[in-house]
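# Summary of the model geometry
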Amino acid sequence: MTLLAETVAPAAGGGWLVAAIIFPVVALLLAVAGGARFAARVGVLALPAGLAIAVAIADGVAKHGVLGYYVGGWAPPLGIALRADVLSAAMLVTTAIVASGAGLYALHDFGPPREPGGGRQTLGFWVSLLGAWAALNLAFVGRDLFNLYVALELLTFAAVPLVCLDGRAPTLQAALRYLLYALVGSVLYLLGAVLLYGAFGTLDVELLATVVRPEPAAWAAAALMTAGLLAKTALFPLHLWLPPAHAGAPPAASAVLSALVVKGSFFIVLRLWFDALPGLATAMAMQFIGLLGAGAILYGSALALRQSRLKLLVAYSTVAQIGYLFLVFPLAFDASAGRLVAGTALAGGLLQAVSHAFAKAAMFMSAGLVAVALGHDRIEGFGGLARARPVSLLAFALAGVSLVGLPPSGGFAAKWLLLSAAVESGQWWWAVVIVLGGLLTGAYLILVLMRALQEPAAPTASLRPVAAWREAVPLALALLAVLLGLAGLAPFQPGAGTGAVAAAEAFQ
Amino acid sequence: MSPTTLFGLCGAALVGIGLYGLLTDSRLLRKIIAFNLVGSGVFLLFGVIARRGAAAELFGDPVPQALVITGIVVAFSATALAVALLLRLHEAGGGATFDTPADEAGVKRPDP
C-alpha cells in the first residue's frame, strides 16, 4: 500500500483505486490455484474485503471530491490514468454489495464440493464472479478509452461462463449468442477508439474532452462506440441475447448479469458522452438514444406481461428497466449550450442504475428460491405461494416497489429526478414514457403477486424446504433498494441538502 | 494512391466484409471467422494510424503498435472462447446455427 501511495498520483488515496482492481484478480488467481474446494472460501473472504475497499474509495471521494492515480507514475497521454468520482464511487459500492449478496446466496449451490473431483461448476462460478467484479471495478475507474476496452472484454469473458455453468445445450447456445453480440459490440467500440486516436492523438478521457472537434471522424467514432456499447448493454433493439441468457443461468449468476454486468457498458456510454465527448452531442442524436430507451421500456414491459415463466418475466423486466437509463441522454442535453450537462437527469440515471441493481438482484434471487421450493417457475402454478413462502414473496414485492417507482423506494427517487428533468427541459414526451412504463411494470408484477395470493389449485405439501438465511439475502437487497429512496427523498424536505439533490449539485 | 490510403481502404473493406458475414451467415463457425475478419480490419487501421504518425506528427507512432498487440491477444482469447463454446455445444447435441434451437430450456430442477 505504501509503495503504491509513494508514486506520483494526482490526488491522495489513489492507491485504493489500484487495490480495487488488483484485489479481485489476486483472489481469482488464488481460487484457480486452490481449485474447487478452496474457491468458495476465497470468494467468501474476498467479497467483504472488497466491499471495505469500495467503501474506502467512497469515503475518499466524499472527502476530496475525486481520487486519481497514474499507473507507473506516467501521466497521460503516454500513461494510463485511474480516477474515481461520485459516479464511480456509487457504482463501486453497489457492485461490491450486490456481488457479496450473490456470493452469500450462491454458497448453497456453489459451496465447497462434497465429493472429490466434483465442483467444476463451483470453480466456474467463483472465478467468473471475481473476474466480473475486477472488470467492473476497472470499468468504473478507468480513464483511458483503450483501458476501458480491455475492461469490457474482461467483463464479457467473465460473464459468458455464468450463462452456461450447467453445460446443457440450450445454455451453451445462449452463451454463444451473448458472446457474439458482445464481441461485435467491443470490436465496434475498438474501431471507434482507433478513429479517435487517429484524429486526435490521445485516448485519455480528460485530454480528449479538450481536443475533440465536431468533425466526421469524431462523429463516426462516437456512433460506432455507442452502437457497440448499446449491444453490450442489451438496449432495445439489441437486447435479443439477454432473455435466453437468463433462462438457464443459476439465480446468483442471473443476479450478477442483470444487476451489474450490463451496467458496466452503460457506465462507459456515460463516460464517453459526458466526459470524453460532451461537445459532440447533438439534439437529434440524443433524442434517438432516448427513443431506443423508450422503445425498451414499452417493448420490454409488454413482453414481460406475456411471459409464463417467472425468470423470463424478470429478464424482460431488465430489458425495460435498462431503457430508463438511456433517457438520461435526451434529458441531460442542454439545447442552448449544444452540449450534455451533468445535473438532475444524470443523478436520476445513476440512482436508477443503483436501485435497479439492488432490486433486480433481489428479484432474481427470490425467483430462484420460489423455483427451488415449487420445482418449477410457471406463474400459473403459483397458487398458495404467499402462505408457503412469505419471506421470498415479500422480497420479490419490495423489489417490485422499487422497479415500479413507488415512494419511498430508490426507483421512485430515480424516476422522480428523471421526470423533473423532463419537465425542466420541456420534453414532456419522455415524462409520458416514464409514467406509462411505471404502469406496465406495476401490471406485470401485480399479475405475479395475485397468482401467489390465490388459494392453491392443488395441496402444496410437495414444497421443498429452503434455508432461512437464503431468504434473508434477497430480502436485505430489496430493503436496500427501497431505503435508498430515503436519500433521494431529499427533494421533498425543505432545506435538506443531502441525497439526490446533493448528488445533482456535485455533478454541476 | 499512397500506401497508407491503400491499407486504410483494405482495412475498411475487411471490416465491411466481416460485418456482412456476421449479419447474413447463420452458421456459427462462419460468424466467428467473420468476427476475426472485422478484427483484422481494425488492426490494419491501427497499423495505418501508427504509420501515418497520428496527430503527434511523428513518423512512426509506437502507441498504436502497443495497442494492437493487446487487441490481437484479446481477439485471440475471444476466438478461443467462442470455438470452445461451439465445440461444447456440438458435443451436447446442439445445432450449428441459432435457427435450430436446442430443446426448450426448462428451469433447472434441484437434485432430489
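Note that the structure is a prediction, hence the values are computed from the model and not measured.

### What to know about the overall build of chain B
- Along chain B, the regular secondary structure elements total three helices and zero strands.
- Considering chain B as a whole, with its 112 residues, one finds that 38% of them fall into the buried category.
- Considering only intrachain contacts with a sequence separation of at least 6, the fraction spanning at least 24 residues in chain B is 57%.

### Quick word on the overall build of chain A
- In terms of helices and strands, chain A carries 21 helices and four strands.
- Since a compact globule built from 508 residues should have a radius of gyration of about 23 Å, the 22 Å found for chain A is in line with a globular shape.
- Taking the principal axes of the C-alpha coordinates as reference, chain A spans close to 70 × 55 × 45 Å.
- Relative to all contacts within chain A whose residues are 6 or more apart in sequence, the contacts with residues 24 or more apart total 80%.
- If you sum the accessible surface of chain A, you get close to 17300 Å²; carbon and sulfur atoms cover 70% of it.
- Taking the average location of the 25 positive side-chain charges in chain A and that of its 19 negative ones, the two points are 11 Å from each other.

### Some details on the packing of aromatic side chains
Residue and element names in this part refer to chain A.
- Overall, the coordinates contain 13 aromatic pairs over all chains when judged by the stated rule.
- Where Phe236 meets Tyr299, the ring centres are 5.0 Å apart and the plane angle is 40 degrees; that geometry is what we call tilted. In this pair, Phe236 sits in the loop between helix 9 (216–233) and helix 10 (242–247) while Tyr299 sits in helix 12 (residues 283–305), placing the two residues 63 residues apart along the sequence.
- Under the relative-accessibility criterion, Phe236 is labelled partly exposed at 22%.
- Using a relative accessible area of 31% as the deciding quantity, one classes Tyr299 as partly exposed.
- Among the aromatic side chains, those forming a connected cluster through ring pairs are Phe266, Phe274, Phe326 and Phe329.
- Lying over the aromatic face of Tyr324, Lys415 brings its terminal NZ or CZ to 4.6 Å of the ring centre.
- Geometry around Tyr105 places Arg470 over its ring, the cationic atom sitting 4.8 Å from the centre.

### Regarding unusual backbone geometry
Residue and element names in this part refer to chain A.
- In this chain, Phe236 is followed by Pro237 through a cis amide linkage whose omega measures 0 degrees.
- Note that Pro237 resides in the loop between helix 9 and helix 10.
- Look at the link from Pro407 to Pro408: it is a cis peptide, with omega at 0 degrees.
- Tracing the backbone through its elements, the reader meets Pro408 in the loop between helix 17 (390–404) and helix 18 (410–424).
- Residue Ala234 is not a glycine yet carries a positive backbone phi of 65 degrees.
- Along the polypeptide, Ala234 turns up in the loop between helix 9 and helix 10.
- Assessed through its relative accessible area of 0%, Ala234 is described here as buried.

### Here's the deal with the nonpolar core
- Counting 217 residues, the largest nonpolar core has Leu145(A), Trp273(A), Phe326(A) and Phe329(A) as the members making the most contacts within it.
- Those residues within four positions of Phe329(A) in sequence are excluded, and the remaining contacts are Phe266(A), Val269(A), Leu270(A), Trp273(A), Phe274(A), Met286(A), Ile289(A) and Leu340(A).

### A closer look at the side chain of Gln321(A)
Residues and elements named next belong to chain A.
- Locating Gln321 in the fold gives a position in helix 13 (residues 310–326).
- The class of Gln321 is buried, set by a relative accessible area of 2%.
- Apart from the residues lying within four places of it in its own chain, the contact partners of Gln321 are Gln352, His356, Lys360, Leu403, Lys415 and Thr441.

### Observations concerning the interface of chain B and chain A
- Listed per partner, the contact involves 46 residues of chain B and 43 residues of chain A.
- Where chain B abuts chain A, roughly 3700 Å² becomes buried across the two surfaces, and 78% of that area is made up of carbon and sulfur atoms.
- Here chain B and chain A share zero residue pairs in polar contact (both at pLDDT 80 or more) between them.
- Elements with a minimum of two residues in the side of chain B that touches chain A: helix 1 (3–24), helix 2 (28–52) and helix 3 (62–91) of chain B.
- With 14 residues, helix 3 of chain B is the single largest residue contributor to the side of chain B that touches chain A.
- Residue classes in the side of chain B that touches chain A are distributed as 31 nonpolar, eight polar and seven charged.

### Points about the packing of helix 17 of chain A against helix 19 (residues 428–453) of chain A
Residues and elements named next belong to chain A.
- Helix 19 packs onto helix 17 with a crossing angle of 165 degrees between their chain directions and a minimal axis gap of 9 Å. Relative to helix 19, helix 17 is oriented roughly antiparallel. For the pair helix 17 and helix 19, the crossing hand works out as left-handed. Residues Leu393, Phe396, Ala397, Gly400, Leu403 and Val404 of helix 17 lie in contact with helix 19, whose contacting residues are Gly438, Thr441, Gly442, Leu445, Val448, Leu449 and Ala452.
- Partitioning the contact of helix 17 with helix 19 into residue classes produces nine nonpolar, four polar and no charged.

What counts and what doesn't
- Residues numbered from 1 in each chain as written.
- Chains lettered and ligands numbered in written order.
- Predicted model: local features only at pLDDT ≥ 70, side-chain atom pairs only at ≥ 80, totals over all residues.
- Heavy atoms only, no water.
- Helix = DSSP H or I, 4+ residues; strand = E, 2+ residues; numbered from the N terminus.
- Buried < 20%, exposed > 50% of the residue type's maximum accessible area, 1.4 Å probe, protein only.
- Contact = heavy atoms within 4.5 Å.
- Rg over C-alpha atoms; globule rule 2.2 N^0.38 Å.
- Areas by Shrake-Rupley, 256 points an atom, 1.4 Å probe, with all protein chains shown as cover.
- Lys, Arg positive; Asp, Glu negative; His and termini not counted.
- Charge placed at Lys NZ, Arg CZ, Asp CG, Glu CD.
- Phe/Tyr/Trp six-rings, centres within 6.5 Å; stacked < 30°, edge-to-face > 60°.
- Lys NZ or Arg CZ within 6 Å of the ring centre and 35° of its normal.
- Core = buried A, V, L, I, M, F, W, Y, C linked by side-chain atoms within 4.5 Å.
- Buried area = accessible area lost by both parts, 1.4 Å probe.
- Polar contact = N/O pair within 3.5 Å; in protein donor to acceptor, adjacent residues only side chain to side chain.
- Nonpolar A, V, L, I, M, F, W, Y, C, P; charged D, E, K, R; others polar.
- Axes fitted to C-alpha atoms, helices over the stretch in contact; angles between N-to-C directions.
- Parallel < 35°, antiparallel > 145°, perpendicular 65-115°, else oblique.
- Left-handed = near helix turned anticlockwise from the far one by under 90°.

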